[in-house]
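What follows is each chain in one-letter form.
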Amino acid sequence: MIIPLIDADDRMSNYRASPKLTGPAKLLHDPQDTMLNSLDEAMQKISNIYMQALISGTHTPELEISLRGLEMELFELLDQLYKQHRLKDYMKYEAEVTRQMIIYNMLKRLFGYAPDYEEKTE
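Before going into details, it helps to say that this report is about the structure given with it. (Residues numbered from 1 in each chain as written. Predicted model: local features only at pLDDT ≥ 70, side-chain atom pairs only at ≥ 80, totals over all residues. Heavy atoms only, no water.)

Next up on the list: the packing of helix α2 (residues 34-56) against helix α3 (residues 61-83). Put simply, α2 and α3 touch, their axes get as near as 10 Å, and they point 155° apart. Considering the angle they form, α2 stands roughly antiparallel to α3. With respect to the hand of their crossing, α2 and α3 are arranged in left-handed fashion. On the side of α2, the interface is formed by Met35, Leu36, Ser38, Leu39, Ala42, Met43, Lys45, Ile46, Ile49, Tyr50 and Ala53, while α3 contributes Leu63, Glu64, Leu67, Leu70, Glu71, Glu73, Leu74, Leu77, Leu78, Gln80 and Leu81. (Axes fitted to C-alpha atoms, helices over the stretch in contact; angles between N-to-C directions. Helix = DSSP H or I, 4+ residues; strand = E, 2+ residues; numbered from the N terminus. Parallel < 35°, antiparallel > 145°, perpendicular 65-115°, else oblique. Left-handed = near helix turned anticlockwise from the far one by under 90°. Contact = heavy atoms within 4.5 Å.)

Structure below.
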């Protein structure tokens, strides 16, 4: 039985990154909506910084502090959406922000930047 060799170029041309790691989803909205534009920008900024820092090994405690500030900005924008009774937009963005934070926290644990919390029983 002869097994054909697969050309590496063929494999790479069909490669697609996992959608879970490609950054935040592109949520459709009115381009004039400044609040949603701000949320998009903040999510993209956090995504780029987290991914670059975690994968390149340049994650530091100082960087973590500035990233926490960006995270707080995201949650403040979400809170403003909620207070404006824009529940449809709030639900979309809250789900995406939560998904991104789960991914980044898992990556931090994977790369050893987050402490492992184990419950201790005595």
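Still more to cover.
A grouping of Ile55, Leu110 and Phe111 is seen on the molecular surface, where their side chains present a nonpolar patch of about 330 Å² in accessible area. Tracing the backbone through its elements, the reader meets Phe111 in the segment after α4 (87-110). According to the relative accessible area criterion, Phe111 is partly exposed, its value standing at 38%. (Patch = residues over 30% accessible without salt bridge, like charges linked within 9 Å, V, L, I, M, F, W, Y side chains within 5 Å. Areas by Shrake-Rupley, 256 points an atom, 1.4 Å probe, with all protein chains shown as cover. Salt bridge = Lys/Arg side-chain N within 4 Å of Asp/Glu carboxyl O. Buried < 20%, exposed > 50% of the residue type's maximum accessible area, 1.4 Å probe, protein only.)

Here we come to the nonpolar core. Nonpolar side chains tend toward joint burial in soluble globular proteins. Core analysis: the largest hydrophobic core is formed by 22 residues, its most contacted members being Leu39, Ile46, Leu74 and Tyr104. Residue assignment for this core shows that the elements contributing at least two residues are α2, α3 and α4. Ranked by the residues each element gives to this core, the list is headed by α2, at nine residues. Setting aside residues up to four positions removed in sequence, Ile46 forms contacts with Leu67, Leu70, Glu71, Leu74, Met101 and Tyr104. (Core = buried A, V, L, I, M, F, W, Y, C linked by side-chain atoms within 4.5 Å.)

Next up on the list: the pattern of salt bridges. What the rule picks out here adds up to eight salt bridges. Its salt-bridge partner being Arg99, residue Glu96 comes within 2.9 Å of it at the nearest N-O pair. Here the residue Glu96 and the residue Arg99 both occupy positions in helix α4, the gap between them amounting to three residues, near one helical turn. Taking the relative accessible area as the measure of exposure, Glu96 reaches 6% and is therefore buried. The exposure class of Arg99 is partly exposed, given its relative accessible area of 27%. Taken together, the shared-partner salt bridges in this structure form one network comprising Asp33, Arg86, Asp89 and Lys92.

Here Asp33 shows up in the loop between α1 (8-13) and α2. A polar contact is formed between the side chain of Asp33 and the backbone nitrogen of Leu36, at a distance of 3.3 Å. Among the polar contacts listed, one links the side chain of Asp33 to the side chain of Arg86, at a separation of 2.2 Å. (Polar contact = N/O pair within 3.5 Å; in protein donor to acceptor, adjacent residues only side chain to side chain.)

Here we take up the side chain of Glu71. Within the secondary structure, Glu71 is located in helix α3. Since its relative accessible area comes to 8%, Glu71 is described here as buried.

Helix length check: α4, at 24 residues, gives a terminal C-alpha distance of 34 Å against a target of 34 Å (1.5 Å per residue), a fit within 8%. When α4 is considered as a whole, its buried residues turn out to be Asp89, Tyr90, Tyr93, Glu96, Val97, Gln100, Met101, Ile103, Tyr104, Leu107 and Lys108. On its buried face, α4 is in contact with α2 and α3. Trailing α4 by a residue or two, Gly112 shows a phi angle of about 85°, which is positive. (Expected span 1.5 Å × (residues − 1).)

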